[in-house]
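Coordinate analysis (summary)
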Amino acid sequence: MTKLTKAVIPAAGWGTRLLPATKAIPKEMVPVLDRPAMQWAVEEAAAAGLSDICVVTSRAKSAIEDHFDTAPELEAALERRSKTEALEAVRRTATLAKLHYTRQASALGLGHAVAQAAEHIAGEAFAVLLPDVVMEPSSPLLRELVSAHGRTGASVLALIEVEPEEVSSYGCAAVEPVPGDDSLVRITGIVEKPSPAEAPSRLTVAGRYVLTPAIMEALRRTEPGAGGEIQLTDAIEAVVDSDEPVYGHIFDSGLYDTGTALGLIEANVAFALADPQLGPAVRKMLKEQSARE
Ligand code: UTP
């Protein structure tokens, strides 16, 4: 089995839940603490050994490419002003990983976005990171998915348990235990945005996947599903139905959905509180604010 090195980061959606903030700025570039959500995802992938990254973008997303490029004029200005820390931070973004870009001509769904990376993936297994789902930097989740794929050779999805009323916002999995492996469950079925009555469990797909090349073939045959979009979940269901094993790795913390206003605020508060420099001041500010209320 070849070592996993490739990741796909789909970033071609509309980001409608954060409008108007995302009218001219990609939602993937909305900041969490001191860097855009997209940078947290690229750093997470690189830290898990996935340094060959295919970003799926679209029109009006050029800020993403600019962010991970060199910025000679800005760097020269920072150098002249001896702003060494800022200079280091700016230069670092261009060295995090090898980024490749491909376009999704129209936002036809997450599955369709992932399919645009098929040529780059070239028949290998790969990870998918949804960049609006920001993980705490200390989270071992992606490394654990990569390692589970190394053990099984199969697709492995990150699963998290949510409240019953939240299930219908996500892909939801039916699972069974894996004899002899407590860290994994076998996925026996998966459905996108089920009604509460249809939901097979409270385990939902959490924005991190390792997928085998079979998914690209399945995506080619996937028709539009929930919301009229070509759903990655439906292609995964086709792989499950083909009897190729698909596993889930259940985890319970460290994830922030920055694609909603509340999730974005929560991520910023959590990251700021954990920051050694900002933490104490932010804690004080939060206490003062809640006392004022
Ligand atoms: P989301 O469903 O969270 O993104 O997809 P969205 O559609 O942009 O958000 P809303 O619902 O309108 O607010 C998760 C990731 O998949 C990408 C998005 O850019 C996001 O990073 N995506 C989604 C695509 O690349 N293409 C698509 O057609 C849909």
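Refer to the structure above for everything that follows.
Cut-offs used in this document
- Residues numbered from 1 in each chain as written.
- Predicted model: local features only at pLDDT ≥ 70, side-chain atom pairs only at ≥ 80, totals over all residues.
- Heavy atoms only, no water.
- 1 Å grid on protein atoms, 1.4 Å probe; cavity = no way out; pocket = protein on both sides within 12 Å on 5 of 7 lines; lining within 4 Å.
- Points joined across faces, edges and corners; volume = space filled by probe spheres on them.
- Helix = DSSP H or I, 4+ residues; strand = E, 2+ residues; numbered from the N terminus.
- Nonpolar A, V, L, I, M, F, W, Y, C, P; charged D, E, K, R; others polar.
- Buried < 20%, exposed > 50% of the residue type's maximum accessible area, 1.4 Å probe, protein only.
- Pairing = 2+ DSSP bridges.
- Near = heavy atom within 4 Å.
- Polar contact = N/O pair within 3.5 Å; in protein donor to acceptor, adjacent residues only side chain to side chain.
- Areas by Shrake-Rupley, 256 points an atom, 1.4 Å probe, with all protein chains shown as cover.
- Sits in = over half its atoms within 2 Å of the grid points.
- Core = buried A, V, L, I, M, F, W, Y, C linked by side-chain atoms within 4.5 Å.
- Contact = heavy atoms within 4.5 Å.
- Salt bridge = Lys/Arg side-chain N within 4 Å of Asp/Glu carboxyl O.
- Phe/Tyr/Trp six-rings, centres within 6.5 Å; stacked < 30°, edge-to-face > 60°.
- Expected span 1.5 Å × (residues − 1).

Of the voids in this model, the largest pocket is the one considered here, and its volume is about 1400 Å³. Of all the secondary structure elements, the ones that give two or more residues to the lining of the largest pocket are helix H5 (110-115), strand S8 (155-161), strand S11 (203-211), helix H9 (232-241), strand S13 (255-257) and helix H10 (261-274). Top contributing element to the lining of the largest pocket by residue count: S11, with 5 residues. Broken down by class, the residue content of the lining of the largest pocket amounts to 20 nonpolar, 15 polar and 12 charged. In this model, the second largest pocket occupies a volume close to 420 Å³. In this structure, the second largest pocket is lined by 18 residues; those nearest its centre are Asp 34, Gln 39, Ala 89, Val 90 and Thr 93.

The buried fraction of S8 is high, at 6 of 7 residues. Bridge count for S8 against strand S12 (residues 246-250) is 5 bridges, and the pairing is parallel. Bridge pairing in S12 links Ala 158 to His 249.

Close contacts around the ligand come from 18 residues, with Ala 12, Gly 15, Thr 16, Glu 28 and Gln 104 the closest. In the environment of the ligand, an oxygen atom lies 2.6 Å from a nitrogen or oxygen atom belonging to the side chain of Thr 16. In isolation the ligand offers 570 Å² of accessible surface; the protein chains occlude 86% of this area. A majority-of-atoms criterion places the ligand in the largest pocket. Grouping the constituent residues of the shell around the ligand by class yields 9 nonpolar, 5 polar and 4 charged.

With 40 residues, the main nonpolar core has Met 38, Val 42, Leu 50, Ile 53 and Leu 129 as its most contacted residues. Elements supplying a minimum of two residues to this core: strand S1 (6-10), helix H1 (37-47), strand S4 (52-57), strand S6 (126-129), helix H7 (141-152), S8 and S11. A total of 5 residues in this core trace back to one element, the largest contributor, which is H7. When sequence neighbours within four positions are dropped, the list of residues in contact with Ile 53 reads Ala 7, Ile 9, Val 42, Ala 45, Ala 97, Lys 98, Leu 99 and His 100. By size, the runner-up hydrophobic cluster in this structure holds 32 residues, among which are Tyr 209, Leu 211, Ala 218 and Val 246.

Counted under the stated rule, the structure contains 15 salt bridges. In this structure, Glu 28 and Lys 61 form a salt bridge, with 2.9 Å as the shortest nitrogen-oxygen distance. Of the two residues, Glu 28 is situated in the loop between S1 and strand S2 (31-32) and Lys 61 in the loop between S4 and helix H2 (62-67); the sequence distance between them amounts to 33 residues. The exposure class of Lys 61 is buried, given its relative accessible area of 6%. When the shortest N-O distance is used, the salt bridge between Arg 35 and Asp 34 registers 2.9 Å.

Let us look at the packing of aromatic side chains. Counted by the stated rule, this structure contains 2 aromatic pairs. Note on Trp 40 and Phe 271: the rings are 4.9 Å apart at their centroids and 80° apart in plane angle, and the pair reads as edge-to-face. Here the residue Trp 40 occupies a position in helix H1, and Phe 271 occupies one in helix H10, the gap between them amounting to 231 residues. Phe 271 shares its class with Trp 40; the two are buried. Taken together, a centroid distance of 5.9 Å and an interplanar angle of 80° make the contact between Tyr 256 and Phe 271 edge-to-face. In this pair, Tyr 256 sits in strand S13 while Phe 271 sits in helix H10, placing the two residues 15 residues apart along the sequence. Each member of the pair, Tyr 256 together with Phe 271, is buried. Every member of this aromatic cluster is reached through a ring pair, and the members are Trp 40, Tyr 256 and Phe 271.

Given a rise of 1.5 Å per residue, 12 residues ought to cover 16 Å, and the 16 Å separating the end C-alpha atoms of H7 matches this to within 8%. On the buried face of H7, the contacting elements are H1, S6, strand S7 (133-135), S8, S11 and S12. Just downstream of H7, Gly 153 is the residue with a positive phi angle, here 75°.

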